[in-house]
Amino acid sequence: MLSIRDLHVAYGGTRAVDGLDLDVAAGQTVLLIGANGAGKSSLINAVIGLVSSARGQITFEGRNISGLSSDARARLGIGYSPEGRRVFPSMSVKDNVLSGAATKSQREQSERWDQLVASFPFLAERQAQPAGQLSGGQQQLVAIARAMSGTPRLLLLDEPFLGLAPVWIQQISTAVRQMQEQGIAILMTEQMARPALKIAHYGHVMRSGQIRRSGTTDEIKGAALAEEYL
Ligand code: ATP
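Residues numbered from 1 in each chain as written. Predicted model: local features only at pLDDT ≥ 70, side-chain atom pairs only at ≥ 80, totals over all residues. Heavy atoms only, no water.

- The protein chain carries the name Branched-chain amino acid transport system ATP-binding protein in an unreviewed UniProt entry, which gives Paracoccus sulfuroxidans as its organism.

See below:
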């Protein structure tokens with residue numbers, strides 16, 4: 001579904017991503033593990049079209065998307081939940097979530113809201129509240145629900161577990177499993193790999209903009225441990 005070949009991202013003299021190849025199949029969850037500054041966010045941002053300096057080939061469902069705007073990529077079915085729970089703080093929870101479905105009709109938005117509420121009941125309880133008033137875990141779920149509201153076929157989750165209490169890690173893991181059952185492809189990044197290794201199918205250990213180890217989550221557990229990402 002997603003195929004990346006020889007990707008380079010540089011900021012001035014800094015090589016953030018340095019000749020990287022990566023694939024994600026439909027229904028597959030691929031985890032990218034790496035320390036601060038390894039290049040994980042730069043890779044995600046290149047896939048969604050947020051870095052102008054990206055070079056290389058990015059193919060989504062057989063189509064080269066490298067030259068497309070991030071809006072066009074979103075319309076093709078690529079959803080994104082950014083690092084750091086970036087919700088719109090003064091906007092209501094419901095408006096935050098549905099901002100990810102802005103191009104859809106009222107009827108589709110209302111259907112999508114009902115589906116998301118069935119997965120995350122707290123969205124209904126808090127729907128009118130400004131998102132900035134929620135706890136960190138709730139804000140992260142709002143960000144993920146926003147990415148899901150556009151009915152993506154590929155979802156990019158940048159450090160979804162960062163700084164969260166176990167109860168929220170559990171809820172997000174459940175949401176990821178539901179998306180896997182729906183055949184959604186997921187590319188997620190994490191520094192703390194332990195909970196992410198439980199839900200991913202395949203993983204890569206990234207350092208200095210390059211993939212150093214790849215394998216099934218069982219295969220890379222040892223490498224992740226050795227590099228202190230657990
Ligand atoms: P983190 O977990 O901290 O987000 P990361 O693995 O996602 O780390 P990136 O954020 O992609 O890593 O950063 C990779 C390298 O690129 C780092 O050396 C970082 O300092 C640099 N970098 C990232 N964004 C920029 C930018 N906008 N301008 C200049 N340098 C940048």
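As for the sheet that holds strand 10 (residues 210-216)
- Spatially, the 6 strands line up as an open sheet ordered 6-7-8-3-9-10, and their pairing is mixed. Strands at the two margins of the open sheet, each flanked by one partner only, are strand 6 (78-81) and strand 10. Taking the axes of each pair of neighbouring strands and ignoring which way they run, one obtains an average angle of 15° across the sheet.
- The pairing of strand 3 (residues 29-33) with strand 8 (residues 185-190) spans 5 bridges and is classified as parallel. (Pairing = 2+ DSSP bridges. Helix = DSSP H or I, 4+ residues; strand = E, 2+ residues; numbered from the N terminus. Axes fitted to C-alpha atoms, helices over the stretch in contact; angles between N-to-C directions.)

Description of helix 4 (residues 106-119)
- Under the 1.5 Å per step criterion, the end-to-end length of helix 4 is 20 Å for 14 residues, consistent within 8% with the ideal 20 Å.
- All of the buried residues along helix 4 are Gln 109, Arg 112, Trp 113, Leu 116 and Val 117. The arc enclosing the buried residues of helix 4, seen along the axis, measures out at 135°, which places them on a common side. Turned more than 90 degrees off the buried face of helix 4, the exposed positions are Arg 107 and Ala 118.
- Buried residues along helix 4 sit in contact with helix 3 (93-98), helix 5 (122-125) and helix 6 (136-149). (Expected span 1.5 Å × (residues − 1). Buried < 20%, exposed > 50% of the residue type's maximum accessible area, 1.4 Å probe, protein only. Arc of directions from axis to C-beta. Contact = heavy atoms within 4.5 Å.)

Comments concerning the nonpolar core
- The biggest cluster of nonpolar side chains holds 39 residues, and the ones touching the most others in it are Phe 120, Leu 123, Val 142, Leu 155, Met 179, Ile 186 and Met 188.
- Apart from residues lying up to four places away in sequence, Val 142 is in contact with Val 87, Val 93, Asn 96, Val 97, Phe 122, Leu 123 and Leu 134.
- By size, the runner-up hydrophobic cluster in this structure holds 26 residues, among which are Leu 2, Val 17, Leu 32 and Leu 154. (Core = buried A, V, L, I, M, F, W, Y, C linked by side-chain atoms within 4.5 Å.)

Overview of the confidence of the model for the protein chain
- In this model, the protein chain carries a mean pLDDT of 91, and residues with pLDDT of at least 70 account for 97%.
- The ipTM, which scores confidence in the relative placement of chains, is 0.93 for this predicted complex, and the corresponding pTM is 0.91. (pLDDT = per-residue confidence, 0-100.)

Digging into helix 1 (residues 40-48)
- Along helix 1, 8 of the 9 residues are buried, which leaves the element largely enclosed by surrounding structure.
- Within the span of helix 1, buried status applies to Lys 40, Ser 42, Leu 43, Ile 44, Asn 45, Ala 46, Val 47 and Ile 48.
- Looking at the residues trailing helix 1, positive phi occurs at Gly 49, about 90°.

Notes on the pattern of salt bridges
- For the structure on display, the rule yields 6 salt bridges.
- Close ionic contact of Arg 153 with Glu 61 constitutes a salt bridge, the shortest N to O distance being 2.8 Å. In this pair, Arg 153 sits in the loop between helix 6 and strand 7 (154-158) while Glu 61 sits in the loop between strand 4 (55-60) and strand 5 (63-64), placing the two residues 92 residues apart along the sequence.
- A salt bridge links Glu 111 to Arg 107; the nearest nitrogen and oxygen atoms lie 2.8 Å apart. Separated by 4 residues within a single helix, Glu 111 and Arg 107 lie in helix 4, roughly one turn from each other.
- According to the relative accessible area criterion, Glu 111 is partly exposed, its value standing at 38%. (Salt bridge = Lys/Arg side-chain N within 4 Å of Asp/Glu carboxyl O.)

Section: the site of the ligand
- Every one of the 14 residues lining the ligand counts as a neighbour, but Asn 36, Gly 37, Ser 41, Ser 42 and Glu 159 are closest to it.
- Take Glu 83: an N or O atom from its side chain is 3.1 Å from an oxygen atom of the ligand.
- Taking Glu 159, its side chain carries an N or O atom lying 2.8 Å from an oxygen atom of the ligand.
- Contact with the protein chains hides 62% of the accessible area of the ligand, taken as 630 Å² for the molecule alone.
- Looking at the shell around the ligand, the elements with two or more residues in it are strand 2 (14-24) and helix 1.
- For the shell around the ligand, the leading source of residues is helix 1, giving 3 residues.
- Tallied by class, the residues present in the shell around the ligand amount to 4 nonpolar, 7 polar and 3 charged. (Near = heavy atom within 4 Å. Polar contact = N/O pair within 3.5 Å; in protein donor to acceptor, adjacent residues only side chain to side chain. Areas by Shrake-Rupley, 256 points an atom, 1.4 Å probe, with all protein chains shown as cover. Nonpolar A, V, L, I, M, F, W, Y, C, P; charged D, E, K, R; others polar.)

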